[in-house]
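# A look at the structure
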Protein chains: 2
Amino acid sequence: MNDFDTLVQRYLATWNETDTGKRDAMVAELWADDGRYVDPIGAADGPAAVSALIGSVQQQFAGMRFELAGGIDAHHDQARFTWELGPVDGEALVVGFDVLERDHTGRIRLVLGFLDKVPTA
Amino acid sequence: MNDFDTLVQRYLATWNETDTGKRDAMVAELWADDGRYVDPIGAADGPAAVSALIGSVQQQFAGMRFELAGGIDAHHDQARFTWELGPVDGEALVVGFDVLERDHTGRIRLVLGFLDKVPTA
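Residues numbered from 1 in each chain as written. Chains lettered and ligands numbered in written order. Predicted model: local features only at pLDDT ≥ 70, side-chain atom pairs only at ≥ 80, totals over all residues.

## Observations concerning the overall build of chain A
- In terms of helices and strands, chain A carries 3 helices and 6 strands.
- For chain A, the succession of helices and strands along the chain, N to C, is α-α-β-β-α-β-β-β-β.
- Since a compact globule built from 121 residues should have a radius of gyration of about 14 Å, the 13 Å found for chain A is in line with a globular shape.
- Expressed as a percentage of its 121 residues, the buried residues of chain A come to 29%. (Helix = DSSP H or I, 4+ residues; strand = E, 2+ residues; numbered from the N terminus. Rg over C-alpha atoms; globule rule 2.2 N^0.38 Å. Buried ≥ 20, exposed ≤ 12 C-beta atoms within 10 Å, placed from the backbone.)

Set out below in structure tokens:
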């Protein structure tokens, strides 16, 4: 795996870490202090806000897992990839797409997210 | 058209403007002074560098046109869209994908580009 594969896998792992203390530490290590996250539902500035946002999403989708769907397309300091959220071994309930940019120290400076599939009412 | 449709169309228009003076002015008006552009082939910081990069791409694909391919998916201050580059009324030679972010004044602060189809040798 190249370093972007590792970075994206670590990023997705934070979305699956439900222990708040562990997740806070993982996010703080992975993200730049001024890192920004924006998806259609929410936005967060800085690691503490990012970790809190992840926690609130986890509460809405309790027991489900985030997984990489397909490959990671990366160049320079940016990568794009599709992810899925759903029950283990079940069909994805949500499919999303992120563009992630790292800073010169290798930490996440920006994630701009979009949604390709959302749960129907 | 919502304002992001207009912004993306103005953005693509700069890629089709081959008069250097006109393009410099269009890009300066459209982009934030600290706007950044990164695609797999090149990167540019600031409107002057962005316009110069566009000019150099135009020289490689003389006579071809950039067009929006499909819809624009936008939320908050960000949009994603696919574009095509090719001869007028001909098959696209290049297909690309951009995520564009505007600042609070509505000017482009960031474009992170990827390529989905490139010319074969």
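## Focus on the relation of the copies chain A and chain B
- Rotating chain A by 180° and translating it 0.0 Å along the rotation axis places it on chain B, where the RMSD comes to 0.0 Å. Here the copies are linked by what is in effect a two-fold axis. If distances are taken from each C-alpha of chain A to the rotation axis, the shortest is found for Val99 of chain A, at 3.8 Å. (Least-squares fit on C-alpha atoms with pLDDT ≥ 70 in both.)

## Remarks on the sheet that holds strand 3 (residues 65–75) of chain B
Residues and elements named next belong to chain B.
- Pairing within the open sheet is mixed, and its 6 strands lie in the order 2-1-6-5-4-3. Because the sheet does not close on itself, it has two edges, and the strands there are strand 2 (43–45) and strand 3. Going across the sheet, the axis of each strand differs from the next one's by a mean of 20°, ignoring polarity.
- Relative to strand 6 (residues 108–117), strand 5 (residues 94–102) is paired through 8 bridges, and the arrangement is antiparallel. Bridged to Val95 within strand 6 is Lys117. (Pairing = 2+ DSSP bridges. Axes fitted to C-alpha atoms, helices over the stretch in contact; angles between N-to-C directions.)

## Structural notes on helix 2 (residues 20–30) of chain B
Residue and element names in this part refer to chain B.
- Buried residues of helix 2: Arg23, Val27 and Leu30, and no others. Buried residues of helix 2, seen end-on, are gathered within an arc of 65° and therefore sit on one face of the element. Seen from the buried face of helix 2, the exposed residues on the opposite side, beyond 90 degrees, are Gly21, Lys22 and Glu29. (Arc of directions from axis to C-beta.)

## Some thoughts on unusual backbone geometry
Residues and elements named next belong to chain A.
- Of note in this structure, His76 is not a glycine but carries a positive phi near 45°.
- The partly exposed category is assigned to His76, around which 14 C-beta atoms lie within 10 Å.
- Even without being glycine, Asp89 reaches a positive phi, approximately 65°.
- By secondary structure assignment, the location of Asp89 is in the loop between strand 4 (78–86) and strand 5 (94–102).

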